[in-house]
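Structural characterization, general
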Amino acid sequence: MATYLLPDQDAFYNPKPINGDNQIQTEEQEAYDQKLDAMIATLPKNKGWRSQYIFRYKGFWCSREAIRGLLLIKDHFHPQPTDIFLTSFMKCGTTWLKALMFSTVNRHRYNFSDHPLLRTGPQSVFPFLDTHIFLDYPMTNFDHLPAPRLFATHHAHTSLPTSMTSPASTCKFVYVCRDPKDALVSKWHFMRKLRSKELPPVSFDEAFELFCDGVSEYGPFWEIVLGYWKASQDSPEKILFLKYEDMKREPKVELKRLAAFMGKPFTEEEEKKGVVEEIVKLCSFENLSNLEVNKGGGGVQKFTAKVVVENREFFRKGKVGDWENYLTEEMKDRIDTITRNKLKGSGLILGATHQT
Ligand code: PAP
């Protein structure tokens, strides 16, 4: 069992190594993986940013592990009516939202001065369904998590099983999006750290071309954003669409929307006591990125036996507009034109909703 997912504070300290290190490869698992690899061999493939290849599965580019996770979600995951899923394209604010959602939902359980986030970082308190689903084969047991259970995924809305997304489902989704130019820069930095040293590095120019062509893990960027945007327009009570830039501008306003959407609105008394400010402060980039566990104090996330990420890699600059330091005017125009064309008629405008 994945002990570190328990709500009990002590349990946060002891994540189990996952997917390989601690597992005996069963015959059943081997057979599953053989079938998976046979299916993946039939898919279009392209250059991966972290791994050698990514594969186009149901319209989206995914690593082998991401496809495996998606199939396991379909085959074995049973959503509960109160589940809340945090969804995003990579590097658009997942870590921040994990911290905000976890601390908001659990604000009556923990003191802010002695909060599990301070000791473990946001990744360890909030399972990433795509990979944590196979902590134990065939599926990690998430039954013991308190309601509402919180899960993160980077998969597209249309890729997820209908048990999660159909009109009959009462599961909720929080989607966070970001200016694609900042997502590209952030992703390039992150993926090059994770890329195997045995593979040639992906230059920024190459990453830019791939990104514009939609070829990057969980991409194309615009299709995944549009999928969630349209779903949020159809069912605003089920899908909350947030923007990183709005959250940076008005974190308290956005946090209050988020809390209300999750069915945990702040009371007047809580607002007077400054609970909203406390949570914003606890989850701020400045606070989280300076914690020992997120700086180099040994905090790691082991997504698979080979993909181990130090907590500090989830914190880089935490700014809006860092793309200006990487993209030429021509590159900026190209992404902006793609964005304009792709989003035309959707009503969605990326970037801060209210400009000063
Ligand atoms: P993931 O997709 O791997 O989970 P995700 O958390 O979505 O990553 O994105 C990381 C980005 O959010 C980084 O952006 P940057 O590279 O442009 O700096 C990271 O710095 C930023 N980030 C992490 N935590 C916070 C936070 N608390 N507030 C604001 N930004 C944050």
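Residues numbered from 1 in each chain as written. Predicted model: local features only at pLDDT ≥ 70, side-chain atom pairs only at ≥ 80, totals over all residues.

Some remarks on the site of the ligand
Surrounding the ligand, one finds 22 residues, the nearest of these being Thr94, Thr95, Ser186, Arg316 and Gly318. Residue assignment for the shell around the ligand shows that the elements contributing at least two residues are α3 (94-105), α7 (180-194) and α14 (285-289). Here the element with the most residues in the shell around the ligand is α7; it accounts for four residues. Residues of the shell around the ligand, tallied by class, amount to nine nonpolar, eight polar and five charged. (Near = placed C-beta within 6 Å. Helix = DSSP H or I, 4+ residues; strand = E, 2+ residues; numbered from the N terminus. Nonpolar A, V, L, I, M, F, W, Y, C, P; charged D, E, K, R; others polar.)

Here's the deal with unusual backbone geometry
Residues apart from glycine generally show negative phi values, whereas peptide bonds are mostly found in trans. With an omega of -5°, the peptide bond between Ala147 and Pro148 qualifies as cis. With an omega dihedral of 5°, the bond running from Gly219 to Pro220 counts as a cis peptide bond. Inspection of the secondary structure assignment puts Pro220 in the loop between α8 (204-212) and α9 (221-234). The backbone of Lys91 shows a phi angle near 70°, a positive value even though the residue is not glycine.

Re the pairing of strand β2 (residues 53-57)
Of the strand pairs in this sheet, strand β1 (residues 45-47) and β2 are connected by three bridges, and their pairing is antiparallel. Bridge pairing links Asn46 to Ile54 in β2. In textbook terms, the turn of a hairpin is the stretch between consecutive antiparallel strands, and for β1 and β2 this stretch comprises five residues. Where β2 hands over to strand β3 (residues 60-62), the hairpin turn is made up of two residues, of which Lys58 adopts a positive phi near 50°. (Pairing = 2+ DSSP bridges.)

Observations regarding the nonpolar core
Among soluble globular proteins, nonpolar side chains are generally buried collectively. In this structure, Cys62, Leu100, Met101 and Val174 are the most contacted members of the largest nonpolar core, which totals 71 residues. Per-element accounting of this core gives the leading share, seven residues, to α3. Not counting residues up to four positions away in its chain, the partners in contact with Met101 are Leu86, Leu150, Val174, Leu258 and Met262. (Core = buried A, V, L, I, M, F, W, Y, C linked by C-beta atoms within 7 Å. Buried ≥ 20, exposed ≤ 12 C-beta atoms within 10 Å, placed from the backbone. Contact = placed C-beta atoms within 7 Å.)

Some thoughts on the confidence of the model for the protein
Of the residues in the protein, 91% have a pLDDT of 70 or more, and the chain-wide mean is 89. The model gives residues 1-22 a pLDDT under 50, and that stretch makes 43 contacts with residues more than four places away or in other chains. (pLDDT = per-residue confidence, 0-100.)

A short note on the sheet that holds strand β7 (residues 239-243)
Taken in spatial order, the four strands make up an open sheet running β5-β4-β6-β7, and their pairing is parallel. Sheet topology places β5 (150-153) and β7 at the edges, where each strand pairs with a single neighbour. Between one strand axis and the next, the sheet turns through 20° on average, direction left out of account. Note: strand β4 (residues 84-88) against strand β6 (residues 172-177), five bridges, orientation parallel. The partner of Ile84 across the bridge, within β6, is Lys172. Sitting on the sheet, α9 is in contact with β4, β6 and β7, with an inclination near 130° to β7. (Axes fitted to C-alpha atoms, helices over the stretch in contact; angles between N-to-C directions.)

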